[in-house]
Every structure is written in structure tokens, then in C-alpha cells.
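So you can see what is in the structure, the chains are spelled out below.
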Amino acid sequence: MNPHRLQDRLDSIPESLDAPQRARVAAHRSAVEECRERIAELRTELRRVLSGIDGPRSSVEIMIELDGLERVQQRLDSRLSDLCDELTGTTPVVRYGDAAPI
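Let me begin by describing the structure that accompanies this report. These figures come from a predicted structure and were not determined experimentally.

1. Digging into the overall build of the protein chain
- Regarding its fold elements, the protein chain presents three helices and zero strands.
- Every one of the 102 residues in the protein chain was classed for burial, and the buried ones make up 23%.
- Within the protein chain, counting contacts between residues at least 6 apart in sequence, those at least 24 apart form 60% of the total.
- Accessible surface for the protein chain amounts to roughly 6,900 Å². Of this, 54% is attributable to carbon and sulfur atoms.

2. Thoughts on helix H1 (residues 3-11)
- Listing the buried residues of H1 in full gives Leu6, Arg9 and Leu10. Down the axis of H1, the buried set is contained in an arc of 100°. They therefore lie on one face. Of the exposed residues in H1, the ones pointing more than 90 degrees away from its buried face are His4, Asp8 and Asp11.
- Looking at the buried positions of H1, the neighbouring elements they touch are helix H2 (19-50) and helix H3 (59-88).

3. Overview of the pattern of salt bridges
- All told, the structure shown has 11 salt bridges when counted by the stated rule.
- Its salt-bridge partner being Glu70, residue Arg43 comes within 2.8 Å of it at the nearest N-O pair. A residue pair is termed long-range when its members are at least 10 positions apart, and Arg43 in helix H2 and Glu70 in helix H3 qualify at 27 residues.
- Close ionic contact of Arg57 with Glu45 constitutes a salt bridge, the shortest N to O distance being 3.2 Å. One end of the pair, Arg57, is in the loop between H2 and H3; the other, Glu45, is in helix H2, and 12 residues separate them in sequence.
- Taken together, the salt bridges that share partners define one network made up of Arg38, Glu41, Glu45, Arg57 and Glu65.

The rules we used
- Residues numbered from 1 in each chain as written.
- Predicted model: local features only at pLDDT ≥ 70, side-chain atom pairs only at ≥ 80, totals over all residues.
- Heavy atoms only, no water.
- Helix = DSSP H or I, 4+ residues; strand = E, 2+ residues; numbered from the N terminus.
- Buried < 20%, exposed > 50% of the residue type's maximum accessible area, 1.4 Å probe, protein only.
- Contact = heavy atoms within 4.5 Å.
- Areas by Shrake-Rupley, 256 points an atom, 1.4 Å probe, with all protein chains shown as cover.
- Arc of directions from axis to C-beta.
- Salt bridge = Lys/Arg side-chain N within 4 Å of Asp/Glu carboxyl O.

Okay, here's the thing in C-alpha cells:
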């Protein structure tokens, strides 16, 4: 999910959340951000390896990890979006799974 759209979803959560609910949102958000940061690191590492700068790993190893994390990112985004729906009591008009409308 686009980071700006995700932020809009987070902004829709009411300020009146109790501590356990805030902790859930923070944990989900942290996981999303951690995954997004790792993906950015891997993309940089992959660019270096593919430009001929030797690295500690092969391009295939990097791509395998990157592919897995990109899939995980979609799932984490979806879980955070679902949590936002739960906490705001709304459901978006169009729902997406891993990659396709459902």
C-alpha cells in the first residue's frame, strides 16, 4: 500500500483509543516500517551488486530475500488496514488481498 494512503488510514483512527488498542496500532505500524526499511536496504544492495560492485551476497540471494519481504509487506499493510477498519468501525468499498481484488 502506498505509504501516504496508509498514513491516511492511521490518521482516521480516533484519539480515544485505550492503551491496549494504541499498543496494537504501534506494533502493526512498527512491523510495516521495519519491513519497508529492510526492502529499501535490499534494493540499494541489489543495485550495487548489479552495477558490478561486489558485495557479500549474490544478486539471486538478495532477490530471494527481497521477493519474500515484498510479499510480507503486502500482508502487513493489509493487517494494519484491517486493524484501522476494526478501530474506526468502517469497511473500505474495495478490499484487496495479496495482489488482486477480492
